Amino acid sequence: MRTCIAILCCLASSPALANYPVLLPPPVREMLEAAIANGNETEIATVAKIAKQTNPGAVDEIQRMVKSWKERTKATEETVIREARFTELWTGRVEAGGFRSTGSTSEIGISAKAEIKRAGIQWSHKLTASADYRRANGVTSRERYLASYEPRYEFDTRGFAYGLSQFERDTSIGYDERYTASAGIGYKVIVSGPLDLSLDAGPSVRHAAYVTGERETKLGARGSLDLVWRLAPNLAFKQVASAYAESDVYTLNSLTSLETKVNSRLSAAFSHNVQYESETLLSARDFDTLSRLTLTYDF
């Protein structure tokens, strides 16, 4: 990479190449073609940037070469997706660590989460499972499990429709089981290199089975926010939040995290979860907080 940049800079200062007002000098073209052949987007962007600076008369030609590569790459990716079976092209991550909770519980325990995704041309699918568990002196003081499935259909580069089916168990709040179903529309408010922000909203229905034996089903509305702010190449700030509003019950769940990459697959993260329930059966407080320090492996 350094060699490529050095050659480009030398070419820019070479008197022999001063008479190329439009055409890209062959050595520079070869450098850009080599970067494109490697297929590394960061390397291509760097070489193209230097080539534009050193050969301002050939900016249009450089842009055409990069655009052509992007179009070919996109066409190849779409072909792979169309021909792949549903069981293929899944990616995921697994994280594990400890937590410290305050609110209705105040203790230390273990935390684990697994997430797998499949991104298609317009459809995407995400399955999530998580568990927070604590048992001390023969007594289980925290037992929270969650499993969810979220399909998404993208209308265009920003608008999308979503679906959600979810199961929860949290005896510290007061329910053995809570099932949620929701569907609605969303919009990617910000789509950029350093910052992505999307919002979605729609109707919801939740059925809860409480530890007291009571059951109830309620209709309401759901909204969520998903923010990723890339502070540096290996550091990202993330904020995920969801809210439910029903006739007499309000729920808010917010997860704030700071994640740093250790290598291409391993990351370390510190996260803080805040959960608000306007109606709880076992808790004297409405807010529960949960702080985690975890290691994450991407596959």
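Residues numbered from 1 in each chain as written. Predicted model: local features only at pLDDT ≥ 70, side-chain atom pairs only at ≥ 80, totals over all residues. Heavy atoms only, no water.

S.K.: Looking at this structure, how should I read the packing of aromatic side chains?
M.R.: Note on aromatic pairs: each is described by the distance of the centres and the angle between the planes. Under the definition given, this model contains 3 aromatic pairs. Seen in terms of ring centroids, Tyr153 and Phe155 are 5.8 Å apart; in terms of plane orientation they differ by 75°. Their pairing is edge-to-face. Using a relative accessible area of 25% as the deciding quantity, one classes Tyr153 as partly exposed. For the pair Phe167 and Tyr179, a centre-to-centre distance of 5.3 Å together with 50° between the ring planes defines the contact as tilted. (Phe/Tyr/Trp six-rings, centres within 6.5 Å; stacked < 30°, edge-to-face > 60°. Buried < 20%, exposed > 50% of the residue type's maximum accessible area, 1.4 Å probe, protein only.)

S.K.: Help me out: how do you make sense of the side chain of Ser267 in this one?
M.R.: By the element assignment, Ser267 lies in strand β11 (residues 266-277). Ignoring sequence-local partners within four residues, the contact set of Ser267 consists of Glu259, Thr260, Lys261, Val262, Thr294, Leu295, Thr296 and Asp298. (Helix = DSSP H or I, 4+ residues; strand = E, 2+ residues; numbered from the N terminus. Contact = heavy atoms within 4.5 Å.)

S.K.: Would you explain helix α4 (residues 59-83) in this entry?
M.R.: Its 25 residues give α4 an end-to-end C-alpha distance of 36 Å, which sits within 8% of 36 Å, the value for a rise of 1.5 Å per residue. Looking at α4, one finds that the buried residues are Glu61, Ile62, Met65, Val66 and Trp69. Where α4 is buried, its residues contact α2 (26-38) and α3 (41-54). (Expected span 1.5 Å × (residues − 1).)

S.K.: Help me understand α2, please; the structure alone is not making it clear to me.
M.R.: Given 3.6 residues to a turn, an α-helix orients residues that are three or four positions apart in the same direction. Taking 1.5 Å per residue, 13 residues should reach 18 Å; α2 reaches 18 Å between its end C-alpha atoms and fits that length. Listing the buried residues of α2 in full gives Val28, Met31, Leu32, Ala35 and Ile36. Buried residues in α2, looked at end-on, bunch into an arc of 135°, giving them a common side. For α2, the exposed residues lying more than 90 degrees away from the buried face are Glu30, Ala37 and Asn38. Downstream of α2 by a residue or two, Gly39 has a phi angle that is positive, lying close to 80°. (Arc of directions from axis to C-beta.)

S.K.: Explain the packing of α3 against α4 here, please?
M.R.: Two numbers describe a pair of packed helices, the interaxial angle and the distance between the axes. Orientation of α3 relative to α4, taken along the N-to-C sense of each, is 170°, at an axis distance of 9 Å. When the axes of α3 and α4 are compared, the pair comes out roughly antiparallel. Residues Glu41, Ile44, Ala48, Ala51 and Lys52 of α3 form the contact with α4, whose participating residues are Val59, Ile62, Gln63, Val66 and Trp69. The residue makeup of the contact of α3 with α4, split by class, is 7 nonpolar, 1 polar and 2 charged. (Axes fitted to C-alpha atoms, helices over the stretch in contact; angles between N-to-C directions. Parallel < 35°, antiparallel > 145°, perpendicular 65-115°, else oblique. Nonpolar A, V, L, I, M, F, W, Y, C, P; charged D, E, K, R; others polar.)

S.K.: Honestly, the nonpolar core in this entry has me stumped. Any pointers?
M.R.: As a rule of thumb, soluble globular proteins bury nonpolar side chains together. Within the largest apolar cluster, 14 residues are counted, with the highest numbers of intra-cluster contacts made by Leu24, Leu32, Ile36, Ile44, Ala48, Ile62 and Met65. Listed by contribution, the elements that provide at least two residues to this core are α2, α3 and α4. Setting aside residues up to four positions removed in sequence, Met65 forms contacts with Leu24, Arg29, Leu32, Glu33 and Ile36. (Core = buried A, V, L, I, M, F, W, Y, C linked by side-chain atoms within 4.5 Å.)

S.K.: Hey, could you run me through a nonpolar patch on the surface in this one?
M.R.: On the surface, a cluster of nonpolar side chains totalling about 500 Å² of accessible area is made up of Val94, Ile116, Leu127, Tyr149, Tyr297 and Phe299. Relative to the helices and strands, Tyr297 is located in strand β12 (residues 287-298). (Patch = residues over 30% accessible without salt bridge, like charges linked within 9 Å, V, L, I, M, F, W, Y side chains within 5 Å. Areas by Shrake-Rupley, 256 points an atom, 1.4 Å probe, with all protein chains shown as cover. Salt bridge = Lys/Arg side-chain N within 4 Å of Asp/Glu carboxyl O.)

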